[in-house]
Amino acid sequence: MEAGAIGITCQKLGEVEVFVDAGVTDDVLLTYNILGRQKTDRLMALVKRVRRLTVVLDNAVVAHELSDAAAHAGADVRFLVECDTGFGRTGVQTPDEAFDLARAVMRLPRMHFEGLMTFPNRDPNTRDFFERALGLFKQAGIPVPVVSGGGTPALFTAQNFPMLTEHRAGTASTTTRWSSRPAPPPGTTAPCTCGPRS
């Protein structure tokens, strides 16, 4: 954070809890879908403790659960729509789906659209996807304050994606340390999957 990161990215709810408890930052992005009452309750408790906690979603089921939990807790949820821009992992598959999901979720109680996210940036797929998606949002008059790219190897080509407002290079600062360790023994916890956003 002292080197200029705007916040941190966490992949698991437990990681968010650890970093919030430690007071590391008041700006956290949680990049995996949160589903189930126990987890959404934990998330709502965290939303109330930090200035900015943003979640990622890629489907209506997760959105409805988050909205229900937020309404129950009296909290507001900021969200990014996760976009699959060619990696074939998670996220909506087309710019139209990103636009449609964002508009639908914006209508749900306590849900606030913040932008779009992908992992990892892939040239030209990511640029083409975001250009088309951002055009849809612009045409509808919907602001997209955050366009989040990611991936440590993709950090070296981030300049090819001028629409990105941030880049999540999660393991960039810890790769050497992690890659020099043997894998954790079965039944133990793997290293933290958190990283800085800049």
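Since this is a predicted model, take the numbers as computed values, not measurements.

Visitor: Help me understand the environment of threonine 40, please; the structure alone is not making it clear to me.
Guide: Looking at the secondary structure, you find threonine 40 in helix α2 (residues 37-47). Overall, threonine 40 belongs to the buried group, its relative accessible area being 2%. Linking threonine 40 and leucine 66, residues 26 residues apart in sequence, is a C-alpha distance of 6.5 Å. Within the local environment of threonine 40, its side chain forms a polar contact with the backbone oxygen of arginine 37, the two atoms lying 3.2 Å apart.

Visitor: Quick question: what am I supposed to make of the pattern of salt bridges here?
Guide: When their charged atoms lie close together, side chains carrying opposite charge are able to pair. Scanning the entire structure with this criterion turns up nine salt bridges. With its nearest N and O atoms 3.1 Å apart, the salt bridge here joins arginine 51 to aspartate 26. A residue pair is termed long-range when its members are at least 10 positions apart, and arginine 51 in the loop between α2 and β3 (52-57) and aspartate 26 in the loop between α1 (13-22) and β2 (27-30) qualify at 25 residues. Here aspartate 41 ties to arginine 37 by a salt bridge, and the two come within 2.9 Å at their closest N and O atoms. Here arginine 37 and aspartate 41 lie together in helix α2, a separation of four residues that amounts to about one turn.

Visitor: Just to check I follow, could you spell out unusual backbone geometry for this structure?
Guide: For residues that are not glycine, phi is negative in most cases, and the peptide bond is trans in most cases. For the bond from phenylalanine 119 to proline 120, the omega torsion is -20°, close enough to zero to count as cis. The backbone phi angle of arginine 110 is positive, close to 70°, even though this residue is not glycine. With respect to the helices and strands, the residue arginine 110 is situated in the loop between α4 (95-106) and β5 (111-118). A relative accessible area of 31% places arginine 110 in the partly exposed class.

Visitor: Explain the environment of proline 145 here, please?
Guide: Summarising the element assignment, proline 145 is placed in the loop between α5 (125-140) and β6 (146-150). For proline 145, a relative accessible area of 46% corresponds to the partly exposed category. For the pair formed by proline 145 and leucine 164, sequence separation is 19 residues and the distance between their alpha carbons is 9.9 Å. Apart from residues lying up to four places away in sequence, proline 145 is in contact with Glu114 and Thr165.

Definitions and limits used
- Residues numbered from 1 in each chain as written.
- Predicted model: local features only at pLDDT ≥ 70, side-chain atom pairs only at ≥ 80, totals over all residues.
- Heavy atoms only, no water.
- Helix = DSSP H or I, 4+ residues; strand = E, 2+ residues; numbered from the N terminus.
- Buried < 20%, exposed > 50% of the residue type's maximum accessible area, 1.4 Å probe, protein only.
- Polar contact = N/O pair within 3.5 Å; in protein donor to acceptor, adjacent residues only side chain to side chain.
- Salt bridge = Lys/Arg side-chain N within 4 Å of Asp/Glu carboxyl O.
- Contact = heavy atoms within 4.5 Å.

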